[in-house]
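Descriptive structure summary
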Amino acid sequence: MANKDNLLVVSSSPHIHSSNNVSNSMRDVIVALIPALIAALYYFHFAALKVIVTCIVVAIISEYISQKMMKRDITIKDSSAILTGLLLAFCLPPSIPLWIAAIGSAVAIIIGKQMFGGLGNNIFNPALIGRGFLLASWPVAMTNWTAPFDGVTTATPLGMIKESVVQELPSISQLFMGNIGGCIGETSALALIIGGLYLLVKGHIDWRIPFSYLGTVFALTAIVGVANGEGSWFPLYHLFAGGLLLGAFFMATDWVTSPITKKGRIIFGIGCGLLTVLIRLKGGFPEGVCYSILLMNMVTPLIDRYTKARVLGGVRQHA
Amino acid sequence: MRKVLKLSLFLLIVASIAGFSISYVNGITDPLIEQQNAEKKQSSFNDVYPGADDVKDESKKYITNDSDEVVKEVNIAYKSNIPVGVIYTVKPNGYNGKIEMLVGFDINSKKITAIKILSQSETPGLGANSKESFFSDRFKGLNAESSIEIVKKESVQDNEVLAITAATITSKAVASGVNVARQHFISNFAK
Amino acid sequence: MNLGKEFSKGILSENPLFRLTLGMCPSLAITTSVFNGLGMGIAFTVVLLASNIVISLLRKVIPDSIRIPCYIVIIATFVTMIEMIMHAFTPELFESLGIFIPLIVVNCIILGRAEAFANKNSLAPSIMDALGMGLGYTLALLVVSTFREILGAGTFLGYAIFGQSALIMILPPGAFITLGCVLAFLNKIQNRTKHSVNS
């Protein structure tokens, strides 16, 4: 495994000790998700709570069992399983049967994470693997949306755009606050932006991925909107609706599955944005954040290889 | 040079033996396959337009436009030598590929008698459900004179068809096939 | 030459799918139901048996330099015949296996057995080899398709077992997940038996 090119560069002293470690950072991300959690509980009440608790508990149990079976160190204390469970719950509809949520959580941890070698070795974002698995397995349950507060069956804003029933669309302010049908943690744009800014300020995520991702989606939908004669609501809708903000701030920025170079991160964000817009406007699904991030996860090693800075004065190597 | 000739001759012999044995098997199985296809066609015609004495393929007469992508066959059902129904073979584009289906119309009442999906490659468990009778029955008896729309709500009005849950694209594809056949039927047979 | 051994090696120790990991493409694609798996396994076994017999009989006649084209012609002939016979007598199976019957021609197991076994061995061992390999492949397809049909469609051989099954298992990703898990399980067992033999 030890490839010479991949060794860390160690500089000479003095070194500053940082209190950052895996479990601190994980906990900070969870803190950043608290506004969205509050919004979810406010809009979807007990239904959201049940799904969130199920996902987190199953994630922790699956992590423990699979690490025990694979004879690895038990690392449930580093909170990464809690984070995966929470993120998965955030991109499920509130009306989902609990056993389906539980299977998704187990798949996310066992197939998405532990089978690849555990934290740090996974190719794909585990929560998105869980969601992809569920979407392919139980598409009916996964696309059955309920309205906030009363739990009446409804459609998501993106679903309405896809079916071109724009007259029923909620207003931008409803969309921004989260008073719409959708996944548990995705509805409130405001709460997600607060959480994302917290992570940026704390330095846990690089601004390049979310900004290039959101910027690409905004720019492309603005162009398409103008070309089709839609109003200014069109790009704003695509920005605030669906899982875009959650995906851009919390999933695309996953340290393990996104590129490490600065240029690579921008390419990664633009790629995610491009694929998201393509799936939303041209594909069969109304929402494409999950699949676009998974696809870009797949090419992350390639992006890293081609954007790696050359050693100054070094001889150009033939790839 | 002689070696090459020898080798080619050997391959030629092997290939001819293979060719002859295949043609022998083909001679046995081909009539059976033909018969099966004919029977299958007849029984599916009977499914979409029951009670006809005879069904004749009159595609040449009615498909004038060669570039027609969707309408593949026009079959006329006769009862005591009077044309009573029309059975179309249409191939609209589905979610994963072409959906081949039959659409039957009654000439007198100008209504859809039935539809039947012959072959499709839609997603198992979702779009593939279009071949089940619960979906194709939703088209039975619809009026051929106005366009058929796919809807997702429970209450369907005249000429609205409830989509298959989570397979709207396939449902719309089937409806588009029916609509193409419907237009052809109205312009050719409804006087 | 132990005929029993030639037969049994194809089932476990040299199972074409689980041990040699040959013929993956049809195995992944058609194992959506036990019925398909069984049909593919039988068609495969018949072709393998026929081609092994003919190639073993002709092993001294076929010139070495053009043996591969000869094998391909022989195999393709049998596959075409099987395809016609299935079309005529089992149209339902023919339709669900679709493109994968003609593709038996390029199934590397058949060419592999012709090259590695039938052209070096006499008739009897070649027949046993074909039967063993065919049975091993059929069993492997049955194992994979059983998991996939039960989990993905909630049925076994068409009989409903439970509703609410995980559709993904009869979609392409399900094939990879199932095959990966079965291979991992078999490797684990093999490692354990090796350990116990060593200690």
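So, a few notes on the structure that sits alongside this text. Quick caveat: nothing in here was measured; it's all calculated off a predicted structure. (Residues numbered from 1 in each chain as written. Chains lettered and ligands numbered in written order. Predicted model: local features only at pLDDT ≥ 70, side-chain atom pairs only at ≥ 80, totals over all residues. Heavy atoms only, no water.)

Quick look at the overall build of chain A
A count of helices and strands for chain A gives 13 helices and 2 strands. Here the analysis covers contacts within chain A between residues at least 6 apart in sequence; of these, 74% occur between residues at least 24 apart. When the accessible area of chain A is evaluated, it comes to approximately 15500 Å², of which 67% is carbon and sulfur surface. (Helix = DSSP H or I, 4+ residues; strand = E, 2+ residues; numbered from the N terminus. Contact = heavy atoms within 4.5 Å. Areas by Shrake-Rupley, 256 points an atom, 1.4 Å probe, with all protein chains shown as cover.)

A few points about the overall build of chain C
Check the secondary structure of chain C and you find 8 helices and 2 strands. Along the chain direction, N to C, the helices and strands of chain C fall in the order α-α-α-α-α-α-α-β-β-α. Its C-alpha radius of gyration of 18 Å places chain C within 12% of the 16 Å reference for a compact globule of 199 residues. Once the C-alpha set of chain C is aligned to its principal axes, its extents read approximately 60 × 55 × 25 Å. (Rg over C-alpha atoms; globule rule 2.2 N^0.38 Å.)

Quick notes on the environment of Ile74(A)
Residue and element names in this part refer to chain A. Note on placement: Ile74 falls in the loop between helix H1 (22-69) and helix H2 (80-90). Exposure remark for Ile74: the relative accessible area of 36% places this residue in the partly exposed category. Remark: the alpha-carbon pair of Ile74 and Glu63, spanning 11 residues in sequence, is separated by 7.9 Å. Apart from the residues lying within four places of it in its own chain, the contact partners of Ile74 are Tyr64, Gln67 and Lys68. (Buried < 20%, exposed > 50% of the residue type's maximum accessible area, 1.4 Å probe, protein only.)

What about the nonpolar core?
Of all hydrophobic cores here, the largest spans 80 residues; its most connected members are Leu92(A), Tyr213(A) and Phe250(A). By residue number, the principal contributor to this core is H1(A), which donates 15 residues. Among all residues touching Tyr213(A), those that are not within four sequence positions of it are Leu244(A), Gly247(A), Ala248(A), Ala252(A), Gly269(A), Cys272(A), Gly273(A), Thr276(A), Val289(A), Ser292(A) and Ile293(A). Core analysis: the next-biggest nonpolar cluster, separate from the first, contains 38 residues, Tyr62(B), Leu126(B), Ile150(B) and Ile164(B) among them. (Core = buried A, V, L, I, M, F, W, Y, C linked by side-chain atoms within 4.5 Å.)

Digging into the interface of chain B and chain C
Tallying the contact residues gives 19 residues for chain B and 22 residues for chain C. For the chain B face of the interface with chain C, the top three residues by lost area are Leu7(B), Phe10(B) and Ile22(B), together amounting to 27%. Our count for the chain B to chain C interface comes out at 0 salt bridges. Partitioned by chemical class, the residues of the side of chain B that touches chain C number 12 nonpolar, 6 polar and 1 charged. (Buried area = accessible area lost by both parts, 1.4 Å probe. Salt bridge = Lys/Arg side-chain N within 4 Å of Asp/Glu carboxyl O. Nonpolar A, V, L, I, M, F, W, Y, C, P; charged D, E, K, R; others polar.)

Observations regarding the sheet that holds strand E2 (residues 71-79) of chain B
All names here are of chain B. One open sheet accounts for 5 strands, arranged E1-E2-E3-E4-E5; its pairing is antiparallel. In this open sheet, the two strands that pair with only one neighbour each are strand E1 (54-57) and strand E5 (111-119). Taking each pair of neighbouring strands and ignoring which way they run, the sheet shows an average axis angle of 25 degrees. Pairing of E1 with E2 involves 4 bridges; the strand directions are antiparallel. In the strand pairing of E2, Lys56 is matched with Ile76. (Pairing = 2+ DSSP bridges. Axes fitted to C-alpha atoms, helices over the stretch in contact; angles between N-to-C directions.)

Remarks on the pairing of strand E4 (residues 100-106) of chain B
All names here are of chain B. Burial analysis of E4 places 6 of its 7 residues in the buried class, the great majority of the element. Sheet analysis places strand E3 (residues 82-90) next to E4, joined by 6 bridges and oriented antiparallel. The residue of E4 that forms the bridge with Thr89 is Leu102. Where E4 and E5 come together, 7 bridges link them in antiparallel fashion. In the strand pairing of E5, Val103 is matched with Ile115. Connecting E4 to the next strand, E5, in antiparallel fashion are 4 residues, including Lys110 with a positive phi near 55 degrees.

Brief notes about unusual backbone geometry
All names here are of chain A. Within the chain, His45 stands out as a residue other than glycine whose phi angle is a positive 50 degrees. Mapping His45 onto the fold places it in helix H1. For Ser79, which is not glycine, the phi torsion reads 70 degrees and is therefore positive. Residue classification places Ser79 among the buried residues on the basis of a relative accessible area of 6%.

Let's talk about a nonpolar patch on the surface
Taken together, the side chains of Leu41(A), Phe46(A), Leu49(A), Val53(A), Val57(A), Ile61(A), Tyr64(A), Ile65(A), Met69(A), Met70(A), Ile74(A) and Met115(A) make up a nonpolar region of the molecular surface, amounting to roughly 1100 Å² of accessible area. A residue is classified by how much of its surface remains accessible, and Ile61(A), at 45% relative accessible area, is partly exposed. (Patch = residues over 30% accessible without salt bridge, like charges linked within 9 Å, V, L, I, M, F, W, Y side chains within 5 Å.)

What about the pattern of salt bridges?
In total, this model carries 12 salt bridges over all chains according to the counting rule given. A salt bridge links Arg265(A) to Asp206(A); its shortest N-O distance comes to 2.9 Å. Taken as a pair, Arg265(A) in helix H12 (residues 262-282) and Asp206(A) in the loop between helix H8 (189-202) and helix H9 (208-227) lie far apart in primary sequence, 59 residues in all. Judged by its relative accessible area of 22%, Arg265(A) falls in the partly exposed class. Accessibility expressed as a relative area gives 15% for Asp206(A), which makes it buried. With a shortest N-O distance of 2.6 Å, Asp129(C) and Lys9(C) are connected by a salt bridge.

A word on the interface of chain B and chain A
Opposite the 8 residues of chain B that make contact, chain A presents 6 residues. Summed over both sides, the interface between chain B and chain A buries roughly 460 Å², with carbon and sulfur atoms accounting for 69% of that surface. Broken down residue by residue, the surface that chain B buries against chain A is led by Tyr95(B), Leu126(B) and Ala166(B), which jointly contribute 47%. Our count for the chain B to chain A interface comes out at 0 salt bridges. Taken together, the connections running from chain B to chain A amount to 0 residue pairs in polar contact (both at pLDDT 80 or more). (Polar contact = N/O pair within 3.5 Å; in protein donor to acceptor, adjacent residues only side chain to side chain.)

Let's talk about H9(A)
Residues and elements named next belong to chain A. Here H9 spans 28 Å end to end across 20 residues, near enough to the 28 Å set by a 1.5 Å rise per residue. On its buried face, H9 is in contact with helix H10 (233-240), helix H11 (244-251), H12 and helix H13 (289-307). Phi turns positive, to about 75 degrees, at Gly229, one or two residues after H9. (Expected span 1.5 Å × (residues − 1).)

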